[in-house]
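Observations on chain architecture
Listed here are the chains, written in short residue letters.
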Amino acid sequence: MPDSIYELWREAVNDHRPVALATIIEGENLGAKLIVGDGIDSQGTLGDLDLDRVVLRDTIGELAGGRSGIRHYGPHGEAREDAVSIFIESFAPPPHMLIFGAVDFTGALVKVAKVVGYRVTVCDAREVFATKRRFPNADEVVVDWPHRHLEKVGDRLGQRDAVCVLTHDHKFDVPAIQAALATDVGYLGAMGSRRTCEERLERLAQAGADMEQVSARLHAPIGLDLGGRTPEETAIAICAEVIAARTGRVSSSLSDTTGSIH
Amino acid sequence: MDDIDRWRRSGHKVALARVVDIEGSGPRLPGASMAVAETGEVAGSVSGGCVEGAVVSEALDILSTGERRLVTFGYSDDEAFAVGLTCGGTIHLFIEPLDW
């Protein structure tokens, strides 16, 4: 007997595989469903072959963007009609944060990033520091040069992902930043004092980095200006900046602004 | 999901309530879901705790009639909504029996 749609959904979510479910929430065949995902050819039907075809196409698109929401169609999938409302629910695996540098701040950043929902990788070329024992909360600890690791995994990074360079050692972070700029990663930040950051910019220019890209994409010194000091406070300032970069907000206190909260 | 598995293994019917739309401010995004067993046990949440009680009674009603439906909660112009969200938003839930 084939698995039920719920079983397919449950297994995909448990295995962290992308999956999307389309359900009729208004119109004929209330509750009818289509499921599609990584490793799942579409299954189920909304009760009309044309509607199935159009909704399947849209569901695949919503899944790629990790979006969930309602779409309206005519009875056979016509655009600009609203006989049928369909809720498309996407389950996308968690976004990825790559942290370069196994330093004091790293452990705190791993913890806060996990709370926010990231899958976290710590990478450092020094094997005495890059150990699972020091970063028990990380999903993965990799001993490698940051830029070499990025060459391996960079094509999997997208707008939802983040690269945080905490090495504050030019010999590691200049090639790491260059390699990160070659990816589509949504957030790129690097730690260091104002002086370190200025020196780093000079070295990036000397190394032939595209300085327009650097000024458009690199957040350095990393983090929002919260005035904290401890590794934990710094980790919150970094994650807060990652969120603000994603939403495109200039961060101030909500009590100092007016307008919509979300 | 572990709770859902356990309830179903014990032969209990389960209803699933999913946030499908939000207007204004709302604590949970579309896709947030809550499961209700016919015993009244609950897993997950669909708001910051503002409407969960009302969702349980809707879900139990839907389990007994088998009729899935869209339900709206929130402070809106319509006074028919008895249960409000403290954040001032409106949420639309689709509640259905887990029979698929």
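So, here's what we can say about the structure. None of the values given here were measured: they were computed from a predicted structure.

Reading the values: rules and limits
Residues numbered from 1 in each chain as written. Chains lettered and ligands numbered in written order. Predicted model: local features only at pLDDT ≥ 70, side-chain atom pairs only at ≥ 80, totals over all residues. Heavy atoms only, no water. Pairing = 2+ DSSP bridges. Helix = DSSP H or I, 4+ residues; strand = E, 2+ residues; numbered from the N terminus. Axes fitted to C-alpha atoms, helices over the stretch in contact; angles between N-to-C directions. Contact = heavy atoms within 4.5 Å. Phe/Tyr/Trp six-rings, centres within 6.5 Å; stacked < 30°, edge-to-face > 60°. Buried < 20%, exposed > 50% of the residue type's maximum accessible area, 1.4 Å probe, protein only. Lys NZ or Arg CZ within 6 Å of the ring centre and 35° of its normal. Buried area = accessible area lost by both parts, 1.4 Å probe. Salt bridge = Lys/Arg side-chain N within 4 Å of Asp/Glu carboxyl O.

Strand pairing in a sheet is mediated by backbone hydrogen bonds. Such pairs are either parallel or antiparallel. Residue and element names in this part refer to chain B. Pairing is antiparallel in the open sheet, where 5 strands are placed in the order 3-2-1-5-4. Each end of this open sheet is capped by a strand with a single partner; those strands are strand 3 (42–44) and strand 4 (69–74). If you compare each strand with its neighbour and ignore which way they point, the axes differ by 25 degrees on average. Sheet topology places strand 2 (residues 33–37) next to strand 3; 3 bridges connect them, and they run antiparallel. Across the sheet, Ala-35 pairs through a bridge with Ala-43, a residue of strand 3. Contacts from helix 1 (residues 2–9) reach strand 1 (14–23), strand 2 and strand 3, with the element oriented near 20 degrees to strand 2. Where helix 2 (residues 52–65) meets the sheet, its contacts fall on strand 1, strand 2, strand 3, strand 4 and strand 5 (90–97), and the angle it forms with strand 2 comes to roughly 55 degrees.

Per the stated rule, a full pass over the model turns up 2 aromatic pairs over all chains. Where Trp-145 of chain A meets Phe-172 of chain A, the ring centres are 4.8 Å apart and the plane angle is 50 degrees; that geometry is what we call tilted. Of the two residues, Trp-145 of chain A sits in the loop between strand 8 (140–143) and helix 4 (146–153) while Phe-172 of chain A sits in helix 5 (residues 170–181), which places them 27 residues apart along the sequence. Trp-145 of chain A gets classed as partly exposed once you look at its relative accessible area, which sits at 31%. Sitting over the face of the ring of Trp-100 of chain B, Lys-33 of chain A holds its NZ or CZ atom 4.2 Å from the ring centroid.

In this section: the interface of chain B and chain A. How big an interface is tends to be reported as the loss of accessible area on association of its parts. On the side of chain A, 21 residues touch chain B, which itself brings 18 residues to the contact. Between chain B and chain A, a total of about 1,600 Å² is buried, with carbon and sulfur atoms accounting for 66% of that surface. Taken as a group, Met-1, Arg-18 and Trp-100 of chain B account for 37% of the area that chain B buries against chain A, more than any other trio of residues on that side. Between the two partners, chain B and chain A, sit 3 salt bridges.

Attention now moves to the side chain of Asp-5 of chain B. Mapped onto the fold, Asp-5 of chain B is located in helix 1. Dropping the residues within four chain positions of it, Asp-5 of chain B is found in contact with Tyr-6 and Arg-10 of chain A.

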